[in-house]
Structure formats: structure tokens, C-alpha cells
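# Per-entry structural report
Residue-level listing of the chains:
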Amino acid sequence: MVHAPARPPAGAPPVRINLYSDTQTRPSPAMKEAMMRAEVGDEQHGDDPTVHALCDRMAALMGKEAAIYLPSGTMCNVIAILTHCGKGDEVVAHETSHILHSEGGTHAALTGVQIYPLKGARGQFTADDVRAAIRPKTRYAPPQRLLEVEQTANIGGGTIWPLAQLNAVADVAHGEGWSTHMDGARLMNACVAAGIAPREMVAQYDSVWLDFTKGLGAPLGAVLCGSAEFIGQAWRWKQRLGGSMRQAGICAAACLYALDHNVDRLAEDHANAKALARGLRQIEGIVVEEPDTNLVFFDVRDTGLTVEALQARLALQGIAVSGLGGRVRACTHLDVTAPMIEEAVAAIRAAVSR
Ligand SMILES: *Cc1c(COP(=O)(O)O)cnc(C)c1O
């Protein structure tokens, strides 16, 4: 039996304040206008001008030669790993990484790589941690091929890898002849919060992708960037996996709209996340991690409530939060306003003190 994500309890009102995930945004009327006006063609055949425009723009933004439009971030990770690695190869990544926990066992099922899980606070590891993971090049050890990082680190707390640390771990990997891959699901959150241009942030990464459905407000799509050769090979996997599309420009138009209108405003989400953390910190029994970006993780064990009990109480007020790794996660995004944050803090205070 496979469980679907939890639904609100019977009798709960519709969700008004959705802190469950930054994936739950709805396309705005202006984004839908842009989608309606999109020039389209057969994407699989290489004829969709809007998809070409998106890929060209993303390659330039990331300072890479080429880019490929894919239906989801998960497919970006799967295709990047299939392109960098062969069966039996090893990928070195953090123990909390999305590729390990949230891709349905795809690396056992499809890519055939194994993952070497590194420890480290807040979803990050150091150059020394990578050095300590280097295996001898013997017939016994799995061949190590790829280093993977998440910017921002989701389960790590939406944390931002400092640029020097990103570069230091990539240097160790390249020194060993491995490739480097960045899961940039929320890369723009990191770039906006740190004030660092994407091309500088990802310069030492051979491949990188950005999700347009994580706080950027688009209904679907992610773009994977890399060398022309890498993207050429990625296209073969896209075709094999059924990720080649037809009039995909309708969705690519939403992504272009997001690049124009929804990137700089991520700073508002970060300010709202900080306000939420400040408010929660005033509530007895709640332990809050200081957010770097738009994800606020907090522990409610000392209030005597479980994560599920808190979720159920908030659901009755039309407020949704998620549970991740025994903690509560609240995400801010473009459908969450400052007054909603105040209301959510008050509702959480009431829920835990009842
Ligand atoms: C959401 C997410 C993914 C997967 O992206 P989808 O578009 O949901 O497939 C991968 N990595 C991280 C860090 C994510 O947060």
C-alpha cells in the first residue's frame, strides 16, 4: 500500500494560508496571459520557439553552453545522473539529499548508481568530508563518478551553501576526475538571498538545473544546463524516458514569465520566512531553526503536540504546513503575504497552548 500525501481532515475548510510547500502556487492571471500568447511548435522535433527561448536564456543565465527543458526536477536529476554515470558507478551526496529520499528509489530502479551518503550539518559537507569519502581505485571499490550538492539544501533547512564551500568541494571532485552536479531546485532563492549571480554560483558545476515550480509560480517544468555535449546526451535520455514533449512552449512561456517577474521578489518570501521564525520563537516549547531562505523548520515536541496533531489543528483554521524528518516545515512563496504570516503565528500559538 502506497500512501498518498495526507489530505485535510473531514470538515476542514479550504486552505487559505498555504505554507505546505512552495510548489502549491497557482499560475497568476498575468502568467496565464503569457501562456495564452505563447508561440508554440513540436518540442520533440526541435520546433518550439518558446522552449528554445527559455533554454537559450537559462544557458546564458547559468553560464553554460546549452540547456534542455524537462517536465520536472526529478527528471533533471535522473537524466543528469544517467548522463554523467554508468550502472554501478557511485555518486557522492549528502545523506539528506533529494536523490536519496524523494525520488522513489529511482537510482536502484533506473540509473543503477549507488549513492555514498555524506554527513554534515544543515545539508552541507566540506572538502575534507569529500576527501574522506574517496575510495581506492581498485577492482573492489565502486567507481566514483559524480559529486552532487543541493543549493539550497531542502531537508538541511533551505540553507545556502557558501560559494567558497561549493567551490572547495567541487575542486576535490574534479581533482579525482569526477563530474559535479548541482540540484538547483531552489537555486534562485540562494542567489537572491546571497546576492550572488547564478553563473558565479554554479561556475564549478558541470551540470545544474532550476525548478520553475518551487516558488517561481509556474505550473510545471525545470531546465537542466551543461556543456553542449552533455545536453546532447541528455536529449537521448529525455527521449528514452518519454520526457520529450509537443507544444511545450505553453509551459515554457510560464517559465519565461517567472524569470522576468518572480525572481527578485523571492526576497519578500525570505523576509516573510524570517518574520515567521521570529514569531514562532516567542512561543513556548517551539524550537525554530533560523531560515536562510524560504523554508522554516521547527520542532514542536516540547509543546506535547506531534507534527500530525499540529497539522490537524491548523487545518481546521484553513492553514497548511508539512512535516519533514520529524519537524514541521513551513514554506513561504508568492501566494503567502505578510498578514498571512501574522495570522499563522497566532494560529500556531493558539494550537499549541490549547
Ligand atoms: C522538489 C525537489 C526536487 C524535485 O523536483 P520536482 O520538480 O518536484 O520533480 C529535487 N530536489 C530538491 C532539492 C527539491 O526540493
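Residues numbered from 1 in each chain as written. Predicted model: local features only at pLDDT ≥ 70, side-chain atom pairs only at ≥ 80, totals over all residues. Heavy atoms only, no water.

### Focus: the layout of surface pockets
Short version of the rule: The rule is simple: put a 1 Å grid over the protein atoms alone, call a set of points where a 1.4 Å probe fits but cannot get out a cavity, call an open set with protein on both sides within 12 Å along at least five of seven lines a pocket, and count a residue as lining if it has an atom within 4 Å of a point. Grid points are joined across faces, edges and corners, and a volume is the space filled by probe spheres set on the points. Helix and strand assignments follow DSSP, with helices taken as H or I runs no shorter than four residues and strands as E runs no shorter than two, numbered in order from the N terminus. Residue classes follow a fixed rule: Ala, Val, Leu, Ile, Met, Phe, Trp, Tyr, Cys and Pro count as nonpolar, while Asp, Glu, Lys and Arg count as charged, and any other residue, Gly among them, counts as polar.
In this structure, the second largest pocket occupies an estimated 160 Å³ of space. Lining the second largest pocket are 13 residues, with Val51, His52, Cys55, Ala67 and Trp235 sitting closest to its centre. Mapped by element, the contributors of at least two residues to the lining of the second largest pocket are helix 2 (49–62) and strand 2 (66–70). Examining the composition of the lining of the second largest pocket, we find that 5 residues originate from one element, helix 2, more than from any other. Considering only residue class, the lining of the second largest pocket consists of 6 nonpolar, 2 polar and 5 charged.

### So, the UniProt feature "modified residue: N6-(pyridoxal phosphate)lysine" (unreviewed entry) in the protein chain
To keep things clear, this is the line we draw: UniProt positions are given in the numbering used here, feature names are shortened, and annotations may be inferred rather than shown by experiment. Exposure categories follow from relative accessible area, calculated using a 1.4 Å probe and restricted to protein chains: below 20% of the type maximum is buried, above 50% is exposed, and the middle band is partly exposed. Should any heavy atoms of two residues lie within 4.5 Å, those residues are counted as being in contact.
Within this structure's numbering, the places UniProt gives as "modified residue: N6-(pyridoxal phosphate)lysine" (unreviewed entry) are Lys214. Classification of Lys214 as buried rests on a relative accessible area of 14%. Beyond its immediate sequence surroundings of up to four residues, Lys214 is in contact with Asp22, Thr23, Ala185, Arg186 and Asn189.

### Describing the sheet that holds strand 13 (residues 327–331)
Where we set the bar: Two strands pair if DSSP finds at least two bridges between them. Orientation is described by lines fitted to C-alpha atoms, with helices fitted over the stretch in contact, and by angles between N-to-C directions that extend from 0 to 180 degrees.
An order of 9-10-13-12 is seen for the 4 strands of this open sheet, with the pairing classed as antiparallel. At either end of the open sheet lies a strand with only one pairing partner, and these are strand 9 (287–288) and strand 12 (322–324). Pairing analysis gives 4 bridges linking strand 10 (residues 295–299) to strand 13, with the strands arranged antiparallel. Within strand 13, the position partnered with Phe298 by the bridge is Val328. Helix-sheet contacts for helix 12 (residues 266–281) involve strand 9, strand 10 and strand 13, and the interaxial angle to strand 10 is about 15 degrees.

### Structural notes on the sheet that holds strand 2
In sheet architecture, strand pairing relies on hydrogen bonds along the backbone and comes in two forms, parallel and antiparallel. With respect to topology, 7 strands assemble into an open sheet ordered 2-8-7-6-5-3-4, the strand pairing being mixed. In this open sheet, the two strands that pair with only one neighbour each are strand 2 and strand 4 (114–118). On average, adjacent strands in this sheet sit at an angle of 20 degrees to one another, irrespective of strand direction. Sheet topology places strand 7 (residues 207–211) next to strand 8 (residues 222–226); 4 bridges connect them, and they run antiparallel. Note that in strand 8 the partner of Val208 across the bridge is Cys225.

### A closer look at the environment of Arg186
Within the secondary structure, Arg186 is located in the loop between strand 6 (179–184) and helix 8 (187–194). The sequence separation of Arg186 and Asp211 amounts to 25 residues, and the corresponding C-alpha distance is 6.7 Å. If near-sequence neighbours (up to four positions away) are discounted, Arg186 is found in contact with Asp22, Gln151, Thr152, Asn154, Lys214, Asn294, Leu295 and Arg329.

### A word on the pairing of strand 13
Of all 5 residues in strand 13, 5 are buried; the element is thus mostly enclosed. Burial along strand 13 is two-sided: the residues Arg327, Arg329 and Cys331 and Val328 and Ala330 are all buried. In the sheet, strand 12 pairs with strand 13 via 3 bridges, with the strands oriented antiparallel. Following the sheet pairing, Ser322 is matched in strand 13 by Arg329. The loop that links strand 12 with its antiparallel partner strand 13 comprises 2 residues; one of these, Gly325, has a positive phi angle of about 60 degrees.

### Some remarks on the site of the ligand
The following threshold applies: Residues are counted as near a molecule or strand when any one of their heavy atoms sits within 4 Å of it. Side-chain atoms alone can form a polar contact between residues adjacent in sequence; in general such a contact is a pair of N or O atoms within 3.5 Å, and within protein one must be able to donate a hydrogen while the other accepts it. Areas reported as accessible are Shrake-Rupley estimates using a 1.4 Å probe. Residue values count occlusion only from the protein chains shown.
In the vicinity of the ligand there are 13 residues, among which Gly73, Thr74, Asp183, Asp211 and Lys214 approach most closely. Here an oxygen atom of the ligand and a side-chain polar atom of Thr74 are 2.7 Å apart. Asp211 places a side-chain nitrogen or oxygen 2.7 Å from an oxygen atom of the ligand. Relative to its free-state accessible area of 380 Å², the ligand is covered by the protein chains to the extent of 85%.

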